[in-house]
Structure formats: C-alpha cells, structure tokens
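These are the residues of each chain, in order.
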Amino acid sequence: MKENFVYVTDVISNVMLDIRYYSSYNFVGERIDGYKAPIAILTTIATNALKEASDYFNEKGFIIKIYDCYRPMKAVNHFVRWAEDLNDTKMKEYFYPDVNKRQLFIKGFISKRSGHSRGSTVDLTLVDMKTGKDLDMGGSFDYFGELSWPSYKGITEEQYKNRMFLQEGMKKFGFNPIKTEWWHFTLNDEPYKDIYFDFDVE
C-alpha cells in the first residue's frame, strides 16, 4: 500500500464494510478489477477525519457503513469498458432501470476518472445501533437517477431528513457532498488533488 494511506478498520474499530466492487452485486455484475479484498483504504488524513465523523455519529446512535473508499484506476477503466458494451445490461433492473446505457457517459454516471482514485473520497451510509438496520435513505447505493440526488424531493420527509443528517454530519468534519449521490463525500483538504493512483485494494 502507498505511503500516507491506511486501512480504515485500523483506525475506526466499529466501522462496517459492504465493499460492493469486491462482490458481484454492483452495476457491472461482477468483481471489479483491482479489488482483491473486501477492505477499505483511504489517505491517512481522510481516515482521521472520518474517525471524527464516526465518533459523532456513534454518539447519535449510528455506525458508519462503507460501500467504497479508494478505487484504483484499473477499476475505473473496468467501468468504462463495461459502459461501452451496450449489450451487457444484466444489472439494469437493479441499478439503472430508467436510463438507456448509451446515456451513461453523457449524463455523468460513468466517467473516465474518479475522485475515489485520489484516495480521499468515501461512499457510505449509516446503520442504527439499536436495530442493526440501515438508516432509510429512500434509495440504494449506486442507483443511476434523480432518486440518488441528496436534494430529491420525491421521497418521504423522514428519508430526506436522514439524507440531510448524513450530509450535515460529514460536512462538520471536512467532507464535501456532491449534488448527484447522497452517499458520496470527498475530504475538502484532500492531499492528492491531481494524482490518480492505481495500486490494488488488498
């Protein structure tokens, strides 16, 4: 592993992991290149900030659950190859039922570069400590569509409130949300703003 990167579980003891790109349950439908273990890696500075956020959520009765952290460039390239194969739509009903695959690049769902490869971006949700269930965000991770926008109003008041709780909690500790994915956050002071890494997740 690169210098100045750490395993998130070495710093946040009670974090939960659901690394979708190590599994076949993702929009591609197979394990993604570069994911050799179901683990979470981030830059040291991002992990320390995430620990503060985790402690904050713990005090409120929630545990963070991570879907993805650092993502090697080879994984991004895998996404691009998949997006260019218009015949491969086996996971369409789960992740992009209302989007024509030809539109994935145009609409920004797939890109040839990802902030995840810079090492300070995390995809996550919250789990209720009492029930052990995911907090209801009104939509699932990696769903391609307006439903995933944090500001989307076609969900219940409670679901919207949960999204804002996650967003405001992450912003308190230096993570910036984006307009299109309620689960996606990047450290404002990320140390590698222009470097895209390609070492494996292992």
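The structure we're discussing is the one just above.
Attention in this report is confined to the structure presented alongside it. (Residues numbered from 1 in each chain as written. Predicted model: local features only at pLDDT ≥ 70, side-chain atom pairs only at ≥ 80, totals over all residues. Heavy atoms only, no water.)

1. Some thoughts on the nonpolar core
How we decide: As used here, the term nonpolar core means buried Ala, Val, Leu, Ile, Met, Phe, Trp, Tyr and Cys residues forming a set that is joined through side-chain atoms within 4.5 Å. To sort residues, take the accessible area from a 1.4 Å probe on protein chains only and compare it with the maximum for the residue type: under 20% means buried, over 50% means exposed, and anything in between is partly exposed. Comment: elements are numbered from the N terminus, with helices defined as DSSP H or I runs of at least four residues and strands as E runs of at least two. Throughout, a residue-residue contact means that at least one pair of heavy atoms, one from each residue, lies within 4.5 Å.
Ranked by size, the top nonpolar core spans 54 residues in total, and within it Leu 50, Ile 66 and Met 170 carry the most contacts. Counting only elements with at least two residues in this core, the list comes to β3 (41-43), α1 (44-59), β4 (62-68), α2 (73-84), β5 (121-128), α4 (157-172) and β7 (184-187). Leaving out residues up to four positions away in the same chain, Leu 50 has contacts with Val 8, Ile 12, Leu 42, Ile 64, Ile 66, Val 122, Leu 124, Met 170 and Phe 175.

2. Some remarks on the side chain of Thr 47
Secondary-structure assignment places Thr 47 in helix α1. With sequence-adjacent residues up to four places away left out, Thr 47 is seen in contact with Val 6, Val 8, Val 11, Ile 12 and Leu 42.

3. Considerations on the layout of surface pockets
A water-sized probe, rolled over the atoms, reveals where empty space remains. Put simply, the rule is: A cavity, in this analysis, means grid points on a 1 Å lattice covering only the protein atoms where a 1.4 Å probe fits yet has no way out; a pocket is instead an open set bounded by protein on both sides within 12 Å along at least five of seven lines, and a residue lines either one if it has an atom within 4 Å of a point. Grid points are joined across faces, edges and corners, and a volume is the space filled by probe spheres set on the points. Under the grouping applied here, Gly and all other residues not named as nonpolar or charged are polar, the nonpolar ones being Ala, Val, Leu, Ile, Met, Phe, Trp, Tyr, Cys and Pro and the charged ones Asp, Glu, Lys and Arg.
Empty space within the largest pocket amounts to approximately 490 Å³. Classifying every residue of the lining of the largest pocket gives 11 nonpolar, nine polar and seven charged.

4. A few points about α2
Counted only if it meets this: Here the expected span of a helix is defined as 1.5 Å times the quantity of residues minus one.
If you check α2, its first and last C-alpha atoms are 17 Å apart, about what 12 residues at 1.5 Å a residue would give, namely 16 Å. Along α2, the residues that are buried comprise Met 73, Ala 75, Val 76, His 78, Phe 79, Val 80, Trp 82 and Ala 83.

5. Some details on the pairing of β5
As a reminder, the rule being used: At least two bridges found by DSSP between two strands is the condition for calling them paired.
For β5, the buried fraction is high: eight of the eight residues fall into the buried class. Both faces of β5 are covered, namely the face carrying Thr 121, Asp 123, Thr 125 and Val 127 and the face carrying Val 122, Leu 124, Leu 126 and Asp 128. Pairing of β4 with β5, which is carried by six bridges, proceeds in the antiparallel orientation. Looking at the pairing, Phe 62 lines up with Asp 128 of β5.

6. Quick notes on the environment of Lys 74
Note that Lys 74 resides in helix α2. The exposure class of Lys 74 is partly exposed, given its relative accessible area of 25%. In this structure the C-alpha to C-alpha distance between Lys 74 and Gln 159, which are 85 residues apart in sequence, comes to 34 Å. The residues contacting Lys 74, other than those within four sequence positions of it, are Asp 33, Gly 34, Asp 198, Phe 199 and Asp 200.

7. Quick word on the pattern of salt bridges
The line we're drawing: Counted as salt bridges are all cases of a side-chain nitrogen of Lys or Arg within 4 Å of a carboxyl oxygen of Asp or Glu.
Evaluation of the coordinates by the stated rule reveals 12 salt bridges. Of the charged contacts in the structure, one is a salt bridge between Lys 74 and Asp 200, with a shortest N-O distance of 2.9 Å. A residue pair is termed long-range when its members are at least 10 positions apart, and Lys 74 in helix α2 and Asp 200 in the segment after β7 qualify at 126 residues. Relative accessible area serves as the criterion here: at 15%, Asp 200 is assigned to the buried category. The partner of Asp 88 in a salt bridge is Lys 90, with the nearest N and O atoms 3.4 Å apart. Residue Asp 88 is classed as buried on the basis of its relative accessible area, which comes to 18%. Lys 90 sits in the partly exposed class, given a relative accessible area of 46%. Three or more residues joined by partner-sharing salt bridges are found here, namely Lys 36, Lys 74, Asp 198 and Asp 200.

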